[in-house]
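# Survey of secondary and tertiary structure
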Amino acid sequence: ATRDDRDFRGLTREVGCLRQEKRVLLNKIHAAVDAHGCYGDKKKFRCHEWRAALESELTPDAWLAVSMLMLRWDFVRAQSELLEQRIAEIASTRKEYAALQELPGIGPAIAATILAEVPRPKEFKSAREFAAYTGLVPRNRSSAGKTKRGGITKAGPSDLRWAFGMAVMVGGFSKAPSPATRLFKRKRAKGKPYKVALCAGANKLARMVWAMLARETTYQPSAS
């Protein structure tokens, strides 16, 4: 990867860290609000009116603790927005950025993460090799002449696995989900555990994305 590629990857990975930090803070805010018997619509905690109403219900000390969490969440959100703006500027200069977003479930953030983690898709000889790189393939264990499949290897970048897994989940809300999301739903319908089905869908999506990037093609919806 070039220096620019590494810098771009650094930005998307930092956004990933901030995304996780926001999730942790949000859970703490919800827990703190529930602990004081305030069971309103916590999804509106970003609104000034909601915060003002909460302040009137809590004691000064309780409000101080909750407001500190909110201030930290606001600061992390501001950092994320600044980074996401720069990431979008960089990614928009690549034609693959728009092409990836034609896939159901892949939005700007996921598309940018994929491009950052896979700057040279043609270096992989096949979709299978690329799937192995992502760490979304099962680990084979041999014992006494028998081979059993275990969990996924998780060999590649965690941000890349997050991107494919999230795309499969988000794609479920599309009117025309991708073959990867349909595979995930079929696995679930057969009683497969959620994570097993999700990994199967993410693996298929990874192969689809590699084919698009390496062969410079666009997504062609199908009934398969």
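This text gives an overview of the structure that appears in the document.

### Structural notes on unusual backbone geometry
A positive phi angle, near 55 degrees, is found at K154, a position not held by glycine. K154 sits in the exposed class, given a relative accessible area of 56%. Even without a glycine there, the phi angle at E216 is positive, about 55 degrees. For E216, the location among the structural elements is in the segment after α9 (194–215). Of the residues examined, E216 reaches a relative accessible area of 51% and is grouped as exposed.

### A closer look at a nonpolar patch on the surface
On the surface, L64, M68 and L71 cluster together into a nonpolar patch covering about 290 Å² of accessible area. You can see L64 is positioned in helix α3 (residues 60–91).

### A short note on the pattern of salt bridges
The full count for this structure, using the stated rule, is seven salt bridges. For the salt bridge of D7 with R3, the shortest nitrogen-to-oxygen distance reads 3.4 Å. You can see D7 and its partner R3 sitting in helix α1 (residues 3–35), four residues apart, about one turn around the helix. Of the residues examined, D7 reaches a relative accessible area of 41% and is grouped as partly exposed. Given a relative accessible area of 56%, R3 falls into the exposed group. Note that E89 and R86 form a salt bridge whose closest N and O atoms lie 3.1 Å from each other. Pair noted here: E89 and R86 are both in helix α3, with a separation of three residues, about one helical turn. Given the relative accessible area of 39%, E89 is considered partly exposed. What makes R86 partly exposed here is its relative accessible area of 43%.

### A word on the packing of helix α6 (residues 127–134) against helix α7 (residues 158–171)
At a minimum axis distance of 9 Å, the contact between α6 and α7 shows a crossing angle of 110 degrees. With respect to α7, the axis of α6 lies roughly perpendicular. Where α6 approaches α7, its residues F130, Y133 and T134 are matched on the opposing element by L160, R161 and F164. Class assignment of the residues belonging to the contact of α6 with α7 gives a composition of four nonpolar, one polar and one charged.

### A short note on the packing of helix α2 (residues 48–57) against α3
One can describe the packing of α2 onto α3 by two numbers: an axis separation of 10 Å at closest approach and a directional angle of 160 degrees. Accordingly, the angle class assigned to the pair α2 and α3 is roughly antiparallel. Here α2 runs over α3; the crossing is right-handed. Contacts from W50, R51, L54 and E55 of α2 reach α3 at W63, V66, M70 and D74.

### Some points on the side chain of R182
Along the polypeptide, R182 turns up in helix α8 (residues 179–189). In this structure, R182 is buried with no salt-bridge partner, the nearest side chain bearing the opposite charge being E102 at 15 Å. A distance of 2.5 Å separates a polar atom in the side chain of R182 from the backbone oxygen of P177.

### Comments concerning helix α5 (residues 108–117)
The buried fraction of α5 is high, at eight of 10 residues. Burial in α5 covers these residues: I110, A111, A112, T113, I114, L115, A116 and E117. Where α5 is buried, its residues touch α1, α3, α4 (95–100), α6, α7 and α9.

### Thoughts on α9
The terminal C-alpha atoms of α9, which comprises 22 residues, lie 32 Å apart, in line with the 32 Å expected from a rise of 1.5 Å per residue. Of the residues trailing α9, E216 is marked for its positive phi of about 55 degrees.

Cut-offs applied
Here the residue index of a chain counts from 1 through its sequence in written order. For this predicted model, a pLDDT threshold of at least 70 governs which residues receive local features, and a threshold of 80 or more governs which side-chain atom pairs are given and counted, while totals over whole chains, interfaces and linings are taken from all residues. Side-chain descriptors were evaluated using all non-hydrogen atoms of the structure, hydrogens and water having been removed beforehand. Accessible area is worked out with a 1.4 Å probe on protein chains only. A residue is then buried under 20% of its type maximum, exposed over 50%, and partly exposed in between. For helices the rule is a DSSP run of H or I covering at least 4 residues; for strands it is a run of E covering at least 2, with both sets numbered from the N terminus onward. Like-charged residues are merged into a patch within 9 Å and nonpolar side chains (Val, Leu, Ile, Met, Phe, Trp, Tyr) within 5 Å, provided each residue has over 30% relative accessible area and no salt bridge. Using a 1.4 Å probe, accessible areas were evaluated by the Shrake-Rupley method; residue-level cover was limited to the displayed protein chains. We count a salt bridge whenever a side-chain nitrogen from Lys or Arg sits within 4 Å of a carboxyl oxygen from Asp or Glu. What counts as an axis is a line fitted to C-alpha atoms, over the stretch in contact for a helix, and the angles between N-to-C directions run from 0 to 180 degrees. Under this scheme an angle from 65 to 115 degrees is roughly perpendicular, one under 35 degrees roughly parallel, and one over 145 degrees roughly antiparallel; angles in between are oblique. Any two residues whose heavy atoms approach within 4.5 Å at even a single point are treated as in contact. All amino acids are sorted into three groups, where Ala, Val, Leu, Ile, Met, Phe, Trp, Tyr, Cys and Pro are nonpolar, Asp, Glu, Lys and Arg are charged, and the leftover types, Gly among them, are polar. We call a crossing left-handed when the near helix sits turned anticlockwise from the far one by less than a right angle, and right-handed when that turn is clockwise. Note that His is not counted, nor are the chain ends; the positive residues are Lys and Arg, and the negative ones are Asp and Glu. For the purposes of these results, a polar contact is taken to be a pair of N or O atoms within 3.5 Å, where, inside protein, one atom must be able to donate a hydrogen and its partner to accept one; residues adjacent in sequence count only when each atom of the pair is a side-chain atom. Expected helix span is computed as 1.5 Å times (number of residues minus one).

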